[in-house]
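Each chain is listed here by its residues.
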Amino acid sequence: MEYTQLGRTGLKVSRLVLGTMNFGPQTDEPTSHGILDAALDAGLNFVDTANVYGWGENKGRTEEIIGSWFAQGDGRRDKTVLATKVYGNMGPDGEAWPNHDKLSAVNIRRAVDASLKRLRTDYIDVYQFHHIDRATPFDEVWQAIDVLIRQGKILYAGSSNFPGYKIAQANEIAARRGAFGLVSEQCLYNLFERRAEMEVIPAAQEYGLGVIPWSPLHGGLLGGVLKKETEGKRRTEGRAAATLADPAARAKLQAYEDLLDKHGLQPGETALAWLLTRPGVTGPIVGPRTQEQLAGALRALELELSEEVLAGLDEIFPAPGPSPEAFAW
């Protein structure tokens, strides 16, 4: 396993991040624990979750599964860099109850205590804002985070789904307060969706944030979806089905799979390996439902992409270009 420091911090994390969104809704507790054990055995030490995972009436279930895994002991918690998120409404019985969501000081205080209880731990390594809160000023957010850091409940703060200007605003206000600010940004970023390269990733690099891409296979589309569709191994739905209905998008995916066939490469592993070559990227989030899928993701760490392959990928999925040149002269 390769390790890198998370942004400008001294915290060492694995180049792959174990996403746990499937734990509970699609993967039962024993299988989830098996995946966590296999990841730790492979040296993957960075585990990402969110308080809302489990969804619907089961919000918080994913954190509970991780907590029961920590409770088994044997150094599991000490070996793990744990990241969770706050923003979504956690009101009782699925109600959208006031002050049970977003980034007010009262919700941050309530949410972190609830997460700690579910996770069966006394601290969270990276506490992430799941979305921007347009109603709460960053002075209030950082005041709440400063208190949690002093209490030892969290060590670092990170963002998720932030635009570039909000990353800058958050860290400028943190600096004014003498606080450390954001250390990571979790964003949608993959071969198919490269808009983060325009402003989000440059802002993250400027302010010393590690970039953690989510949906590295773009909902499975970059995992060889056309071949699987032909062989009857995959039934597409949701965003993937809508994308495949677009002839231009389908043509890109066909060119992608043909390029990798030519070079004897597996699509999913290649999409992850490509992200590992990108400037500013700490490590993509992989969300395996089985140990076999985890093993496939780990193989991406050993894959070195040739200049010919990298050039071919850029031709199929061109970069948007830097800001402001991408939309100005």
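Just so it is clear, the structure is predicted and the values come from calculations on it, not from any experiment. (Residues numbered from 1 in each chain as written. Predicted model: local features only at pLDDT ≥ 70, side-chain atom pairs only at ≥ 80, totals over all residues. Heavy atoms only, no water.)

(A) Up close: helix H6 (residues 164-176). Along its 13 residues, H6 runs 19 Å from first to last C-alpha, staying within 8% of the 18 Å computed at 1.5 Å per residue. For H6, every residue scored as buried is listed here: Gly 164, Lys 166, Ile 167, Ala 170, Asn 171, Ile 173 and Ala 174. Within two residues after H6, Gly 178 carries a phi angle of roughly 80 degrees, on the positive side. (Helix = DSSP H or I, 4+ residues; strand = E, 2+ residues; numbered from the N terminus. Expected span 1.5 Å × (residues − 1). Buried < 20%, exposed > 50% of the residue type's maximum accessible area, 1.4 Å probe, protein only.)

(B) Main features of the side chain of Arg 76. Structurally, Arg 76 can be placed in helix H3 (residues 76-79). A polar atom in the side chain of Arg 76 sits 3.1 Å from the side chain of Asp 37. (Polar contact = N/O pair within 3.5 Å; in protein donor to acceptor, adjacent residues only side chain to side chain.)

(C) Spatial organisation of the packing of helix H5 (residues 138-151) against H6. The geometry of H5 relative to H6 is characterised by a closest axis approach of 10 Å and an angle of 60 degrees between their N-to-C directions. The pairing of H5 with H6 is recorded here as oblique in orientation. Crossing of H5 against H6: the hand is right-handed. Counting all contacts with H5, which are made through Phe 138, Asp 139 and Trp 142, the residues of H6 involved are Lys 166, Gln 169, Ala 170, Asn 171, Ile 173, Ala 174 and Arg 176. When its residues are assigned to classes, the contact of H5 with H6 shows five nonpolar, two polar and three charged. (Axes fitted to C-alpha atoms, helices over the stretch in contact; angles between N-to-C directions. Parallel < 35°, antiparallel > 145°, perpendicular 65-115°, else oblique. Left-handed = near helix turned anticlockwise from the far one by under 90°. Contact = heavy atoms within 4.5 Å. Nonpolar A, V, L, I, M, F, W, Y, C, P; charged D, E, K, R; others polar.)

(D) Highlighting the side chain of Glu 197. Here Glu 197 lies in the loop between strand E8 (182-188) and helix H7 (200-206). With relative accessibility at 15%, the residue Glu 197 sits in the buried group. Within polar-contact distance, the side chain of Glu 197 engages the side chain of Tyr 189 at 2.6 Å. A polar contact is formed between the side chain of Glu 197 and the side chain of Arg 194, at a distance of 2.9 Å. Setting aside anything within four residues of it in sequence, one finds Glu 197 in contact with Tyr 189, Pro 202, Trp 274, Arg 278, Ala 319 and Pro 320.

(E) Region of the structure containing the confidence of the model for the protein chain. When pLDDT is averaged along the protein chain, the result is 95, and 98% of the positions lie at 70 or above. Put simply, helix H9 (residues 238-244) is where the protein chain has its lowest mean pLDDT, 80, and strand E6 (residues 124-129) is where it has its highest, 99. (pLDDT = per-residue confidence, 0-100.)

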